[in-house]
Amino acid sequence: MSLRVMSPAMLNAWSQTLVRAMSTQGGAKNIGFVGLGNMGANMASNLIKAGHKLHVFDISKPACEGLAAKGATVYAKTSELAKNSDFVITMLPNNSIVDASYDEMTADGVNKDTIFIDSSTISPDLVKTLQKKISAKGARFIDAPVSGGVPGAEQATLTFMVGGTEAEYNAVKAVLECMGKKITHCGVYGMGQAAKLCNNMMLAISMIGVSEAMNLAVRQGLDANVFAEIINSSTGRCWASEIYNPVPKVCPTAPANRDYAGGFSSALITKDLGLASGVANASNSPIPLGSLAHKVYQSLCDKGLGNKDFSVVYDLMKKEKFSI
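Since we're looking at a predicted model, the values are computed, not measured. (Residues numbered from 1 in each chain as written. Predicted model: local features only at pLDDT ≥ 70, side-chain atom pairs only at ≥ 80, totals over all residues. Heavy atoms only, no water.)

Chemist: Tell me what's going on with the overall build of the protein chain, and back it up with residues and numbers.
Modeler: A tally of regular secondary structure across the protein chain gives 14 helices and nine strands. Relative to its length of 324 residues, the protein chain is compact, with a C-alpha radius of gyration of 20 Å against a globular reference of 20 Å. Based on the C-alpha atoms only, the size of the protein chain along its principal axes is roughly 65 × 60 × 35 Å. Within the protein chain, buried positions represent 47% of all 324 residues. Considering only intrachain contacts with a sequence separation of at least 6, the fraction spanning at least 24 residues in the protein chain is 64%. On the protein chain, the mean spot of the 30 positive side-chain charges and the mean spot of the 26 negative ones are 2 Å from each other. (Helix = DSSP H or I, 4+ residues; strand = E, 2+ residues; numbered from the N terminus. Rg over C-alpha atoms; globule rule 2.2 N^0.38 Å. Buried < 20%, exposed > 50% of the residue type's maximum accessible area, 1.4 Å probe, protein only. Contact = heavy atoms within 4.5 Å. Lys, Arg positive; Asp, Glu negative; His and termini not counted. Charge placed at Lys NZ, Arg CZ, Asp CG, Glu CD.)

Chemist: Tell me what's going on with the UniProt feature "domain: 6-phosphogluconate dehydrogenase NADP-binding" (unreviewed entry) in the protein chain, and back it up with residues and numbers.
Modeler: Here the UniProt-annotated "domain: 6-phosphogluconate dehydrogenase NADP-binding" (unreviewed entry) positions come out as residues 30-187. This span, residues 30-187, is 42% helix and 25% strand, and a straight line between its end C-alpha atoms measures 26 Å. (UniProt positions renumbered as here; feature names shortened; annotations may be inferred.)

Chemist: Tell me about the pattern of salt bridges, and name the residues and values.
Modeler: Pairing between side chains of opposite charge can happen when the charged atoms of each approach one another. Scanning the entire structure with this criterion turns up eight salt bridges. A salt bridge links Asp113 to Lys112, with the nearest nitrogen and oxygen atoms 3.5 Å apart. Comparing Asp113 with Lys112, the two get one shared label, exposed. Here Asp315 and Lys318 are joined by a salt bridge, their closest N and O atoms 3.5 Å apart. Overall, the relative accessible area of 27% leaves Asp315 in the partly exposed class. With a relative accessible area of 43%, Lys318 lands in the partly exposed category. One network of salt bridges, with partners in common, ties together Asp99, Asp103 and Lys133. (Salt bridge = Lys/Arg side-chain N within 4 Å of Asp/Glu carboxyl O.)

Chemist: Got a sec to walk through the confidence of the model for the protein chain? Specific residues and values, please.
Modeler: On average, residues of the protein chain score 91 in pLDDT, and 90% of them are at 70 or above. This stretch, residues 1-25, has a pLDDT under 50; its non-local contacts, to residues over four places away or in other chains, come to 18 contacts. (pLDDT = per-residue confidence, 0-100.)

Chemist: Before we move on, could you go through the side chain of Asn232 and cite the residues and values that matter?
Modeler: Residue placement: Asn232 occurs in the loop between α10 (224-231) and α11 (239-242). For Asn232, the side chain forms a polar contact with the side chain of Ser241, separated by 2.6 Å. Asn232 has contacts with Arg237, Cys238, Ser241 and Glu242, leaving out every residue within four places of it along the chain. (Polar contact = N/O pair within 3.5 Å; in protein donor to acceptor, adjacent residues only side chain to side chain.)

Chemist: Break down the domain arrangement of the protein chain for me, citing the residues and quoting the values.
Modeler: Domain assignment breaks the protein chain into domain 1 (27-188) and domain 2 (194-318). Distance from the C-alpha centre of domain 1 to the C-alpha centre of domain 2: 27 Å. In this complex, domain 1 contributes 16 residues to the contact, which on the side of domain 2 involves 14 residues. Buried surface at the junction of domain 1 and domain 2, summed over both partners, amounts to about 1100 Å²; 67% is from carbon and sulfur atoms. For the pair domain 1 and domain 2, the number of links is zero salt bridges. (Domains from an automatic or database assignment. Buried area = accessible area lost by both parts, 1.4 Å probe.)

Chemist: Please set out the state of the cysteines residue by residue, giving values where relevant.
Modeler: Under the definition given, this model contains zero disulfides. The thiol sulfur of Cys251 is not disulfide-bonded, and the nearest other cysteine sulfur, from Cys238, lies at 10 Å. Here Cys251 falls in the buried class, since its relative accessible area comes to 7%. (Disulfide = S-S within 2.5 Å.)

Below, the structure written as structure tokens:
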């Protein structure tokens, strides 16, 4: 009898299939999903693949139609969506939209057994405000922002950072495992967002660093692919260099190969850096590189590039006289 050794790729695929199968052992859940953008649409699709019944809402008709084609039920009102859901996941752009969406969704009351999970990137203070509002209505609310980008959302390999009680973490873990491979309990309400803002600040800084280094190497005459191989086998290796390289034709799946379309917009990372700046001020924490990164990305938005993926910062580095 011979044993076949699985490749890492085969092992990962097998483990994800097992996780999804285990997540539905207690029966398919009714899950509401509000926000079907680049991240949300893929996350919702993975919940359908795991066997759950999806109830979805988005202001984009094509986004809703895409999920309806996969078996989701589309709602015109989020309040109705919530009433028919065991869990409601929100994946929305910013504080004001999240706040308004929860006000609308819960205006007519909530089911006491529903757990609301916000996976947007918002301020920890808003998390605490929403948790108080939702709990006062009789339901539960936790923050569970994500990291891993669009590739992670597509492949169900996201990292979730959960803020809430231990019991709430255990209650949502199986659902989150349908969309991610690392589900971490960060502490009380708002601590998921605290972790996410710190992570995104680091991501912004590292993307600027990779862009600067790649541009400097290319200007000296180095081949971009050769230098990327060197970085990724040396001390400069990071997610931005290896998975999401900002130079076209280096990483086949990176937005750089699609004129920086899709992905994680410069406007969103600028918003996240603004939130990080706010919590840094509140906690009296110095963030010199975080502040500089905020200025760099704000300059991208000022130049009309806010809708481009944040790796478009490489294009700024290519300018002969770049300044902020």
